[in-house]
Amino acid sequence: MEDGLIPKLLGVFSGAFLALVFDPPRTRSGFARRLAASIVFGYIFGPMVLDFMDWQVQYDNVVAAFCTASFVSWSAMGLIRKAVDNYKKEG
């Protein structure tokens, strides 16, 4: 079984770590909020990335798919938060 819990969690947390390095949050609450979103959405959308990329279900492909989903969700959460903050400032 190549798609067990270990490669999924490894992918999710490595994606969150990469996102933290490339796009660090400014506050602790931002860190907690985006980390939670990264873990949840990385785990939810990881299989979709695996299917979309048409990768075989192998250990390294599962880790890469979940890492990608986690990284993208971290960035998306940051963009959503910035948009909400800008909307609050204008309104």
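The shown structure was predicted, so the numbers you read here are calculated from the model rather than taken from an experiment.

What follows concerns the nonpolar core. Within the largest apolar cluster, seven residues are counted, these being Val12, Val49, Leu50, Val62, Ala65, Phe66 and Ala69. Looking at this core, the elements that each hand over two or more residues are α2 (28-52) and α3 (59-90). Residue contributions to this core peak at four residues, all from α3. For alanine 65, the contacting residues outside a window of four places in its chain are Gly46, Val49, Leu50 and Trp55.

It is at 7 Å that the axes of helix α1 (residues 5-22) and α3 come closest, and there the two elements cross at 40°. As far as their axial angle goes, α3 and α1 are oblique. When you trace α1 past α3, the crossing you get is right-handed. Per-class residue counts for the contact of α1 with α3 are 16 nonpolar, four polar and one charged.

At aspartate 54, a position not held by glycine, the phi torsion is positive, near 55°. According to the relative accessible area criterion, aspartate 54 is exposed, its value standing at 68%.

Next up on the list: α3. Helix length check: α3, at 32 residues, gives a terminal C-alpha distance of 47 Å against a target of 46 Å (1.5 Å per residue), a fit within 8%. Residues of α3 that are buried include every one of Asn61, Val62, Val63, Ala65, Phe66, Cys67, Ala69, Ser70, Ser73, Trp74 and Gly78, and no others. Where α3 is buried, its residues touch α1 and α2.

The interhelical angle for the contact between α1 and α2, taken along N-to-C directions, is 145°, at an axis separation of 9 Å. Here α1 runs over α2; the crossing is right-handed. Between α1, through Leu5, Lys8, Val12, Phe13, Ala16 and Leu20, and α2, the contact on the second element is made entirely by Phe31, Leu35, Ser38, Ile39, Gly42 and Tyr43. For the contact of α1 with α2, a count of residues per class yields nine nonpolar, two polar and one charged.

Scoring rules and cut-offs
Residues numbered from 1 in each chain as written. Predicted model: local features only at pLDDT ≥ 70, side-chain atom pairs only at ≥ 80, totals over all residues. Heavy atoms only, no water. Core = buried A, V, L, I, M, F, W, Y, C linked by side-chain atoms within 4.5 Å. Buried < 20%, exposed > 50% of the residue type's maximum accessible area, 1.4 Å probe, protein only. Helix = DSSP H or I, 4+ residues; strand = E, 2+ residues; numbered from the N terminus. Contact = heavy atoms within 4.5 Å. Axes fitted to C-alpha atoms, helices over the stretch in contact; angles between N-to-C directions. Parallel < 35°, antiparallel > 145°, perpendicular 65-115°, else oblique. Left-handed = near helix turned anticlockwise from the far one by under 90°. Nonpolar A, V, L, I, M, F, W, Y, C, P; charged D, E, K, R; others polar. Expected span 1.5 Å × (residues − 1).

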